[in-house]
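An overview of the molecular structure
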Amino acid sequence: MKLRTGFLRLACLAASAILVTAAPGFAWDAATAVYYIPTTYDTSAKVGTLVKGAYAYLGTGAHSLELGHDQIALTSSGENIQWNYLGLYTYRMPTSQWKAGYSRINGGALIGNIGILGGAIDLYNPYGYKSWSYGLDVYGGFYDNGGTASTVMQYMPYGTYYFLPPYLPGYATITGKVSYVSDSLTRSYLAYEAELKYYVGLWTIESQYWLGETTWGVTNGGFVINNTDDILKDGYNIAASYQLLPKLSGKLEYQSRRGDTTGGSRFQQTKVSYMLTYVF
């Protein structure tokens, strides 16, 4: 089935996703982003894909809503093979955040409905600065592949440490995540993720590293879904964002990851993401 030639969704977005902070005197925050993400493989067993999409953020006070839509096309023919939709609501309290969301995948014979629930608790040091966040995201995927139903559950606990490096300007965060995926075929997969973000001046530098295995897995807070039986293995991601104008920023991202197809052949997946974000 053609859909199995690619497995990207609302790709590489949430890591940069614009958790806009309200400026004094303004009741609403709003932002939008557009992105363009070609994906290639170093084996003829898989065909490259191209993701084009848009993202919107709307927030006021403790409440925020994030919406996303994109489409995936085969780079060899330009044929659209999948459409994706996302809605994510977050409620923020002084020391915690709680979210619920829904993602819909429409890929012809493959239809997917993914529910998202999550929460995180923040800890502050004696000086009033955030020092740690601990959270758990849960994703429930319900798929119909040409009349064959399947269920995939994923649990992702994580912890983030915030610090001010004494040797460089700016500040940084380090996040560690564990992902446990199980499906209705009684298979299970365990993967680990480490993420570093460094903010300095007009720049944001990010890096991620994955180890382990996952299939039908969800990452980036629900924005990226691997919706095939292909098994993703170790890999890395690097990105840089720059504030081009007071309200406009650009981001360039590169990702490389190994995997095995359903037939057992090895492939190397490469993504390049181009994104522009405008904050109103």
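Keep in mind that what you see is a predicted model, and the values were worked out from it rather than measured. (Residues numbered from 1 in each chain as written. Predicted model: local features only at pLDDT ≥ 70, side-chain atom pairs only at ≥ 80, totals over all residues. Heavy atoms only, no water.)

1. So, the environment of Ala-56
Within the fold, Ala-56 resides in strand β2 (residues 49-60). Ala-56 sits in the partly exposed class, given a relative accessible area of 31%. Along the primary structure Ala-56 and Thr-277 are separated by 221 residues, whereas in three dimensions their C-alpha atoms are 9.4 Å apart. Non-local contacts of Ala-56, meaning those with residues more than four positions away in its chain, are made with Ala-31, Thr-32, Leu-65, Glu-66 and Leu-67. (Helix = DSSP H or I, 4+ residues; strand = E, 2+ residues; numbered from the N terminus. Buried < 20%, exposed > 50% of the residue type's maximum accessible area, 1.4 Å probe, protein only. Contact = heavy atoms within 4.5 Å.)

2. Focus on the packing of aromatic side chains
Both the distance between ring centres and the angle between the ring planes are used here to describe each pair of aromatic rings. A full pass over the atoms with the stated rule returns eleven aromatic pairs. With a centroid separation of 5.6 Å and an interplanar angle of 5°, the aromatic rings of Trp-132 and Tyr-134 are classed as stacked. With a centroid separation of 4.4 Å and an interplanar angle of 55°, the aromatic rings of Tyr-143 and Trp-216 are classed as tilted. Here the residue Tyr-143 occupies a position in strand β7 (residues 130-145), and Trp-216 occupies one in the loop between β11 (203-212) and β12 (218-219), the gap between them amounting to 73 residues. For Tyr-143, a relative accessible area of 4% gives the class buried. With a relative accessible area of 9%, Trp-216 lands in the buried category. (Phe/Tyr/Trp six-rings, centres within 6.5 Å; stacked < 30°, edge-to-face > 60°.)

3. Here's the deal with the pattern of salt bridges
In total, this model carries eleven salt bridges according to the counting rule given. Put simply, Arg-187 and Asp-183 hold a salt bridge, and the shortest N to O gap is 2.6 Å. Among the residues examined, Arg-187 registers a relative accessible area of 27% and is labelled partly exposed. Taking the shortest distance from any N to any O, the salt bridge between Glu-213 and Lys-233 comes out at 2.4 Å. Placement of the pair is Glu-213 in the loop between β11 and β12 and Lys-233 in strand β14 (residues 231-245), with a sequence separation of 20 residues. (Salt bridge = Lys/Arg side-chain N within 4 Å of Asp/Glu carboxyl O.)

4. Observations concerning the nonpolar core
Among the nonpolar cores identified, the biggest contains 27 residues, and Tyr-35, Tyr-55, Ile-114, Ile-116, Tyr-143 and Ile-225 are the most heavily contacted of them. Every element with two or more residues in this core is listed here: β1 (29-41), β2, β3 (63-74), β4 (80-93), β6 (110-124) and β7. Sequence-distant contacts of Ile-116, that is, excluding residues within four places in its chain, are made with Leu-86, Leu-88, Lys-99, Ala-100, Gly-101, Tyr-102, Val-138, Tyr-139, Gly-221 and Gly-222. (Core = buried A, V, L, I, M, F, W, Y, C linked by side-chain atoms within 4.5 Å.)

5. Remarks on the environment of Ser-64
As for its position among the elements, Ser-64 is in strand β3. Judged by relative accessible area, Ser-64 falls into the buried class, the value being 2%. Between the alpha carbons of Ser-64 and Tyr-242 there is a distance of 24 Å; along the sequence they are 178 residues apart. Ser-64 has contacts with Tyr-57, Leu-58, Gly-59, Leu-88, Tyr-89, Thr-90 and Arg-92, leaving out every residue within four places of it along the chain.

6. Remarks on unusual backbone geometry
A positive phi angle, close to 60°, is found at Thr-186, a residue other than glycine. Examined against the element boundaries, Thr-186 turns out to sit in the loop between β9 (171-183) and β10 (188-200). Thr-186 gets classed as exposed once you look at its relative accessible area, which sits at 74%. A positive phi angle, near 50°, is found at Trp-216, a position not held by glycine.

7. Side note on the confidence of the model for the protein
Mean pLDDT for the protein: 90, with 90% of residues reaching 70 or above. Per-residue pLDDT stays below 50 along residues 1-26; that stretch engages in 106 contacts with residues further than four places along the chain or on separate chains. (pLDDT = per-residue confidence, 0-100.)

8. Here we look at the environment of Val-138
As for its position among the elements, Val-138 is in strand β7. Along the backbone, Val-138 and Gly-118 are 20 residues apart, and their C-alpha atoms lie at a distance of 6.0 Å. Every residue in contact with Val-138, bar those within four places of it in the chain, is listed here: Gly-115, Ile-116, Leu-117, Met-153, Gln-154 and Tyr-155.

9. What to know about the pairing of strand β16 (residues 266-279)
Here β1 runs beside β16; their pairing, made up of nine bridges, is antiparallel. Note on β16: the bridge partner recorded for Tyr-41 is Gln-269. The sheet contact formed by strand β15 (residues 248-260) and β16 spans 13 bridges and is antiparallel. Each residue of the ladder has a partner; that of Arg-257, found in β16, is Gln-269. The loop that links β15 with its antiparallel partner β16 comprises five residues; one of these, Gly-264, has a positive phi angle of about 95°. (Pairing = 2+ DSSP bridges.)

10. What about the pairing of β14?
Judged from the eight bridges that link them, β11 and β14 form a sheet pairing that is antiparallel. Directly across from Gln-208, in β14, lies its bridge partner Asn-237. Hairpin geometry of β14 and β15 is characterised by an intervening segment of two residues between the two adjacent antiparallel strands.

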